[in-house]
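Structural features, examined
The residues making up each chain are set out below.
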Amino acid sequence: MELSPVSGTGNSASRSRSSSVSLPPLLSSQFTSSRTDQKKAKAISDAIDRSLRADKEQRQKEGGIKLLILGPSETGKTTVLKQLKLLYGRRGLDYERETYRRIVHLNVMKAIQTLAEALEEADISLEHPENTAHLETIMRLDATLKRFSITSIGFTNPAIPRKITDAKAETDMFTEMVPAIKALWADAGIQTIFKTCTQLCIQDSAKYFLDAIDRIAHPEYVPMDDDILQARVRTLAVTEHVFPIDNVVYRIYDVGGQKSLRKYWAPYFDDVNAIIFMAALSAYDQPCEDDPGLNRLHECLILFNQIANHKLFELTSMILFLNKIDVFQRKLDSGSLVSMYFPDYQGPNDYYNTTIFFQHRFLQQCKDLQKQVYTHFTHATDTNQMRVIVVAVNAIVQRLNLRTSGLL
Ligand SMILES: Nc1nc2c(ncn2[C@@H]2O[C@H](COP(=O)(O)OP(=O)(O)OP(=O)(O)O)[C@@H](O)[C@H]2O)c(=O)[nH]1
Ligand SMILES: [Mg+2]
């Protein structure tokens, strides 16, 4: 992983309270083709550097807490941010409801397409042979879904040109697919694949959305808060969000966790009061999406090692969210053995012992034995659980912040 500072990744000019700002990470690579382009890129980069500096000065003037949410892709960073919006934002998730309608449609299509592919690969037959035509329809979805690839919510990725007609085309495509999606999800062959292939790289929300297909396919469908929490959209650009929590202003940064995006994190590493590092415990039996030879949780431990021992974070409060405990528990219940993927674990395959094992594995990464890492076992899509956890995290962060600034 590269965590070297880069310029040209910030844009704070339009930052406002309780809102997010897109900090496109791909600008510098886009403008390298000609001299003029390079000049333009430099001007943009300088402007962004200036605005980052201005941001820093303003932060120092206003006080408050700067908190980064870091971790690999699909660990639940944006989900935690959505919970904060629900719990502390002025309008909850209302701003995003319309956009998420399309995202949910795309998530449903992606989920059934992953299951269809897995069925073909596993050589398992459909329960009803007449569903073969539906299977073929869904298998043809792959290229189309790629065309409609979606990026950080509410912001277009400058690297992916979008047509204005995309939204309508997506809705039409989804409506056409609904009969095939329903028939396949009800087929015992697909259900077998879903239940037996626990290490399949399928969205965690697949069952949630496929079970709700009738509601989602309704022409008047508007996503509920839970749908938005379950929806999956990759974060590409770093976004900043400002929330007052318990009378303290928090500046929270959500980053893209994919390996290729981590080099854009570094410009945000200055003056960080707290980090929430997210790991998905349920990933213990999954390969990395961008490096299939590597186990996801092993890779996450390596990343945590780099963050926890980073010299800029010596005084930063470190909070570890061992997330997706619901999916983790389900995997254990289905008989999936932790020792198959972590051979040094020889204890019982139950929730209590395995979670303690993983917590130790993370804490062992800290070279500074004095460094306190506050661990929480989280289910980020569960608003009730997150409400309690956010209160606990806020209390810790504020206490440590006072101590670091010498006021306690
Ligand atoms: N079942 C379950 N699903 C979760 C949990 N936390 C997050 N998810 C789901 O996991 C998926 C990925 O979550 P995100 O928050 O988008 O992950 P991310 O870390 O922001 O990923 P990147 O933006 O790619 O870095 C979403 O569909 C979430 O609804 C959890 O605790 N349990
Ligand atoms: Mg995200």
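Positions within a chain are numbered from 1, following the residues in the order the chain's sequence is written. Each chain takes a letter, starting from A, and each ligand takes a number, starting from 1, following the order in which they are written. Given that this is a predicted model, residues contribute local features only at a pLDDT of at least 70 and side-chain atom pairs are listed and counted only at 80 or more, while totals for whole chains, interfaces and linings are drawn from all residues.

Going by an unreviewed UniProt entry, the chain carries the name Guanine nucleotide-binding protein subunit alpha and comes from Mortierella polycephala.

1. Some points on the site of ligand 1
Where we set the bar: Being near a molecule or strand means, for a residue, that its backbone-placed C-beta atom lies within 6 Å of it. Helical segments are the DSSP runs of H or I of at least four residues, strand segments are the runs of E of at least two, and each set is numbered from the N terminus. Residues are grouped as follows: Ala, Val, Leu, Ile, Met, Phe, Trp, Tyr, Cys and Pro are nonpolar; Asp, Glu, Lys and Arg are charged; every other residue, Gly included, is polar. Per the annotation, domain bounds derive from an automatic or database assignment of domains.
Around ligand 1, 26 residues are found, and the nearest of them are Gly76, Thr78, Arg232, Thr235 and Gly257. A per-element tally of the shell around ligand 1 places helix H3 (residues 77–88) first, with three residues. Its residues placed into classes, the shell around ligand 1 shows three nonpolar, 16 polar and seven charged. Inspection of the shell around ligand 1 shows a minimum of three residues originating in each of domain 1 (60–94 + 236–404) and domain 2 (96–230).

2. Structural notes on the UniProt feature "binding site: Mg(2+)" (unreviewed entry) in the chain
Heads up, the condition is: UniProt positions are given in the numbering used here, feature names are shortened, and annotations may be inferred rather than shown by experiment. Contact definition: two residues whose C-beta atoms, as placed from backbone geometry, lie within 7 Å.
Feature annotation in UniProt places "binding site: Mg(2+)" (unreviewed entry) on Thr78 and Thr235, given in this structure's numbering. With the annotated positions falling across 158 residues, the maximum pairwise C-alpha distance of 7.6 Å places them together in a single cluster. Among the structural elements, Thr78 can be located in helix H3. Non-local contacts of Thr78, meaning those with residues more than four positions away in its chain, are made with Thr235 and Asp254. Here Thr235 lies in the loop between helix H11 (225–230) and strand S3 (238–245).

3. Re the pairing of strand S5 (residues 274–280)
A regular strand places its side chains so that they alternate between the two faces of the sheet. In plain terms, the rule: Any residue surrounded by 20 or more other C-beta atoms within 10 Å of its C-beta is treated as buried, while 12 or fewer makes it exposed and the intermediate range makes it partly exposed; C-beta atoms here are placed from the backbone. Any two strands with at least two DSSP-identified bridges between them are counted as paired.
Where burial is concerned, most of S5 is hidden: seven out of the seven residues are buried. Taking every second residue as pointing to the same face, both faces of S5 are buried, with Ala274, Ile276, Met278 and Ala280 on one and Ile275, Phe277 and Ala279 on the other. Sheet topology places strand S2 (residues 65–70) next to S5; four bridges connect them, and they run parallel. Considered in S5, the bridge of Leu67 is made with Ala274.

4. Here we look at H3
Along an α-helix, residues three or four apart share an orientation, since each turn contains 3.6 residues. Here is the rule we go by: Here the expected length of a helix is defined as 1.5 Å per residue gap, with one fewer gap than residues.
Between its first and last C-alpha atoms H3 spans 16 Å; for twelve residues at 1.5 Å apiece the expected length is 16 Å, and the two agree. Of all twelve residues in H3, nine are buried, a share of seventy percent or more. Taken together, the buried positions of H3 are Lys77, Thr78, Thr79, Val80, Leu81, Lys82, Gln83, Leu84 and Lys85.

5. Observations regarding the environment of Ile103
Tracing the sequence through the fold places Ile103 in helix H4 (residues 97–122). The spatial distance from the C-alpha of Ile103 to the C-alpha of Pro223 is 9.8 Å, given a sequence separation of 120 residues.

6. Comments concerning the confidence of the model for the chain
Applied cut-off: Here pLDDT means the predictor's own confidence in every residue, given as a number from 0 to 100.
With 82% of its residues at a pLDDT of 70 or more, the chain has an overall mean of 83. Every residue in residues 4–33 scores below 50 in pLDDT, and together they form 82 contacts with partners more than four places removed in sequence or on other chains. Residue range residues 150–165 is modelled with pLDDT below 50. Its contacts to residues more than four positions away, or to other chains, number 31 contacts.

7. Here we look at the pairing of S2
Summarising burial for S2: six of the six residues are buried, a large majority. In S2, alternate side chains face the same way, and those of Ile65, Leu67 and Ile69 on one face and Lys66, Leu68 and Leu70 on the other are all buried. Taken together, the five bridges between S2 and strand S4 (residues 248–254) define a ladder with parallel strand orientation. Its bridge partner lying in S4, Leu67 is registered against Ile252.

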